[in-house]
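# An overview of the molecular structure
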Amino acid sequence: MSVKIRLTRVGRHKDAIYRIVVADSRFARDGRYIEQIGYYNPANGEESATINEELAIKWLNNGAKPSDSIRALFNRKGIMAKFAESKKESK
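Just so it is clear, the model here is predicted, and its values are computed rather than measured. (Residues numbered from 1 in each chain as written. Predicted model: local features only at pLDDT ≥ 70, side-chain atom pairs only at ≥ 80, totals over all residues. Heavy atoms only, no water.)

### Looking at the sheet that holds strand β3 (residues 35–40)
A sheet is described by the order of its strands in space; here five strands give the open sequence β4-β3-β2-β1-β5, paired in mixed fashion. Each end of this open sheet is capped by a strand with a single partner; those strands are β4 (50–51) and β5 (65–66). Here strand β1 (residues 3–12) runs beside β5; their pairing, made up of two bridges, is parallel. Bridge pairing links Lys4 to Lys65 in β5. Relative to the sheet, helix α1 (residues 53–61) contacts β1, β2 (15–24), β3, β4 and β5, its axis offset from that of β3 by approximately 125°. Contacts between helix α2 (residues 68–77) and the sheet are confined to β1, β2, β3, β4 and β5, with β1 contributing the most and set at about 95° to the helix. (Pairing = 2+ DSSP bridges. Helix = DSSP H or I, 4+ residues; strand = E, 2+ residues; numbered from the N terminus. Contact = heavy atoms within 4.5 Å. Axes fitted to C-alpha atoms, helices over the stretch in contact; angles between N-to-C directions.)

Below, the structure written as structure tokens:
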């Protein structure tokens, strides 16, 4: 089972809002997911994205792979740097 952190689309036609979810890679994009860790509204910019950092780092430590867009969002929020620090501390 390959677990991914990715975006799930919600909202109206031409007014997308995304949930940041942890899901099995075999599940549909807007289908079932394991846990929701945040949300993102592209109309308000990347700074307005709300992410639970503790859950994100927990899932990254458990081996979840972020999608390209989530990796970029995590880099801007500083979550990937915190994840790298936590990996160094555990060694």
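Text resumes after the structure shown.
### Here's the deal with the environment of Ala16
As for its position among the elements, Ala16 is in strand β2. On the basis of relative accessibility, which here comes to 15%, the residue Ala16 falls in the buried class. Considered as a pair, Ala16 and Asp68 are 52 residues apart in the sequence and their alpha carbons are 18 Å apart. Those residues within four positions of Ala16 in sequence are excluded, and the remaining contacts are Arg9, Val10, Asn41 and Pro42. (Buried < 20%, exposed > 50% of the residue type's maximum accessible area, 1.4 Å probe, protein only.)

### Here we look at the pattern of salt bridges
One pass over the structure, following the stated rule, counts six salt bridges. Its salt-bridge partner being Asp15, residue Arg12 comes within 3.4 Å of it at the nearest N-O pair. Given a relative accessible area of 62%, Arg12 falls into the exposed group. Residues Lys58 and Glu35 are paired through a salt bridge, measuring 3.9 Å at the closest nitrogen-oxygen approach. Taken as a pair, Lys58 in helix α1 and Glu35 in strand β3 lie far apart in primary sequence, 23 residues in all. (Salt bridge = Lys/Arg side-chain N within 4 Å of Asp/Glu carboxyl O.)

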